[in-house]
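Chain residues, written in single-letter form:
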Amino acid sequence: MAVMKTLRVLTAIGFVCALCGCGSTGSSDAKTFLDEAEKKLFDLVLDASQAAWVQSTYITDDSEAVAARANERSIAESVRLAKGAVQFDKADLPADQRRKLNLLKVGLVLAAPSNPAESAEVTRLGASMEGRYGKGKYCPENKAGTANPCMDIAAVTKVLATSNNPAEILDAWRGWHTISPPMRKDYQRFVELANKGARELGFKDSGAMWRSKYDMTPDEFAKEVDRLWGQVRPLYVSLHSYVRWKLREKYGASVVPEKGPIPAHLLGNIWAQDWSNTYKLVAPAADKGYDLTEILKRRNTKPLDMVRYGESFFKSLGFAPLPQTFWDRSMFIKPRDRDVVCHASAWDVDNIEDLRLKMCIDITEEEFTTVHHELGHSFYQRAYNKQPLLFRDSANDGFHEAIGDTIALSVTPEYLMKIGLLNGAPDSSKDIGLLLSRALEKIAFLPFGLMIDQWRWRVFSGEIPPDQYNKAWWDLRLKYQGVAPPVARSEADFDPGAKYHVAANVPYTRYFLSFIMQFQFHKALAKAAGCPAPGADTPLHRCSIYDNKEAGARLNKMLEMGLSRPWQDAMSELTGQRQIDATAILDYFAPLQKWLDEQNQGKPAGW
Ligand code: X8Z
Ligand code: ZN
């Protein structure tokens, strides 16, 4: 029902009839069951999300305990309801009732075991790992033995993004990875308990439960993901080879190998998931011609201005302004006096219009994009708020992640000119620079978006046992991303926990799907907006749907469907396609692929 993972787990509440085995099997009984469930669910979600908001914006032992208890109550009820839905398995029901009952069964991200002590334990562990991540700090020792100021995630991020000193980068990278070993034991126990809960609901394990939400079988979904990776992998390998070569020129042969994996700390991001910050090191001679971070800083842009830019884009498409409560209740800036979970998220606290953004906004191009990403969640949430409660969610979780990013693909130089951030648009000689810059964000991400849940699916299934958590993590990072740890790792480390979504138990394949689908959406919307114009050959990366009401209406039509229909229907509504398909992203980057092939002539490919 909502994008926050804390809310997603609350997809249901127990309803007495479901539990008492009163033997109802008809359509009117099912309707009563579902109506009552949705009514109760509404209050339960509100309770738990208000508690979760306080937990995330004011991390203390108490806020953690309160939120864990609220979460536990709703999960316990959700589990009871999922079990209760089984009584209607054989009934002949209208499609929307059948769909809702199925959503009750597959909607949970965390299924707690029915044993009350275990149920309390698993929610406590979940809250504690997320809190630990939020509080995470690296406190370097200086040579005199006195402590330097501690580095929080923003400080570590900044070093990785801006430093050119490999020793300093390595220190920050290593430092951030010290926050997670204390989570290791908790994570192991969390997996045991989460699996126990999932099995009580009839799933093989938690990973199978996660894969069951895509209007196809879990096995079919796993195959779909492999198929998509097969489509995009060649482009990734080309980008990888090119970037490795450039980094080798910069850092030297002793730091970057000619043929092997790239050291994971040199790609401008703690997890090497977004390589945009390496742009200056790898830029072509015909550079893209502007630096949005620099422009925003020079203009003294404030966090609130960043959000206003994002909101304006959506308004230009015909969406109503965000409600006043959004501005009153959101958190845009990291508070000075307390720990918070800075990882950006968009909240739909009451599942109607209590929309909020929680983010520690930094004035950079990357965060400009993230603001649009988050507002995509907010406008989606409001668009589907007329649906019945169980349908108030995206068509699948990848859709939720894709909307704001789709809008951000319309942040073209021409758009920046229109809103007064850029004076002149770079001509077509800058196209490769523009595309390369975008590929460092979009193409570099793909294997990372895939590998996190490849790891977790295997952890949940037991294929990766606890004594191989870290080794398996790095094996997968090597296999998919072609990156390697810059210093030796061991099972005393727990590097997966240094990534928010592992610590906070948020499924991740959604982002992999999103990064592919958003190009399908962009292409369809650009067409609706009349770009390229007849006879013109404007490439897709120069098309912006800004200010186009026709594109806005098309988008809104898909958004307001929420989760009421299989995602294939929602996809078809906007794109005419019924499949997630990488053709659009590959077409978008085709000129870059050609250029990379030329640059990579005679250089090694792969690792
Ligand atoms: O977590 C996010 C969003 C919130 S849903 C900021 N993203 C992933 C990440 O940061 O790892 C967006 C891109 C991938
Ligand atoms: Zn998101």
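Anything mentioned here points back to the structure above.
Residues numbered from 1 in each chain as written. Chains lettered and ligands numbered in written order. Predicted model: local features only at pLDDT ≥ 70, side-chain atom pairs only at ≥ 80, totals over all residues. Heavy atoms only, no water.

**What to know about helix α24 (residues 549-560)**
For α24, with twelve residues, the first-to-last C-alpha span of 16 Å sits near the 16 Å given by 1.5 Å per residue. Of all the residues in α24, the buried ones are Ala551, Gly552, Leu555, Met558 and Leu559. On an axial view of α24, the arc spanned by its buried residues comes to 125°, and they lie on one face. Contact partners of the buried residues in α24: α16 (365-383), α17 (397-408), α23 (509-528) and α25 (567-575). Of the residues flanking the start of α24, the one acting as N-cap is Asn548, its side-chain oxygen 3.1 Å from the backbone nitrogen of Glu550. (Helix = DSSP H or I, 4+ residues; strand = E, 2+ residues; numbered from the N terminus. Expected span 1.5 Å × (residues − 1). Buried < 20%, exposed > 50% of the residue type's maximum accessible area, 1.4 Å probe, protein only. Arc of directions from axis to C-beta. Contact = heavy atoms within 4.5 Å. Polar contact = N/O pair within 3.5 Å; in protein donor to acceptor, adjacent residues only side chain to side chain.)

**Description of the state of the cysteines**
The full count for this structure, using the stated rule, is three disulfides. What pairs with Cys139 in a disulfide is Cys150, and their sulfur atoms sit 2.0 Å apart. Its S-S torsion of about 110° marks the bond between Cys139 and Cys150 as right-handed, since a negative value means left-handed. With a gap of eleven residues between them, Cys139 in the loop between α6 (116-135) and α7 (153-162) and Cys150 in the loop between α6 and α7 connect regions that are remote in the sequence. A disulfide bridge connects Cys531 with Cys543, and the sulfur atoms are separated by 1.8 Å. Sign of the S-S torsion, about -75° for the bond between Cys531 and Cys543, identifies this disulfide as left-handed. Linking Cys531 in the loop between α23 and α24 with Cys543 in the loop between α23 and α24, this pair joins segments that are twelve residues apart in sequence. Overall, Cys543 belongs to the buried group, its relative accessible area being 0%. (Disulfide = S-S within 2.5 Å.)

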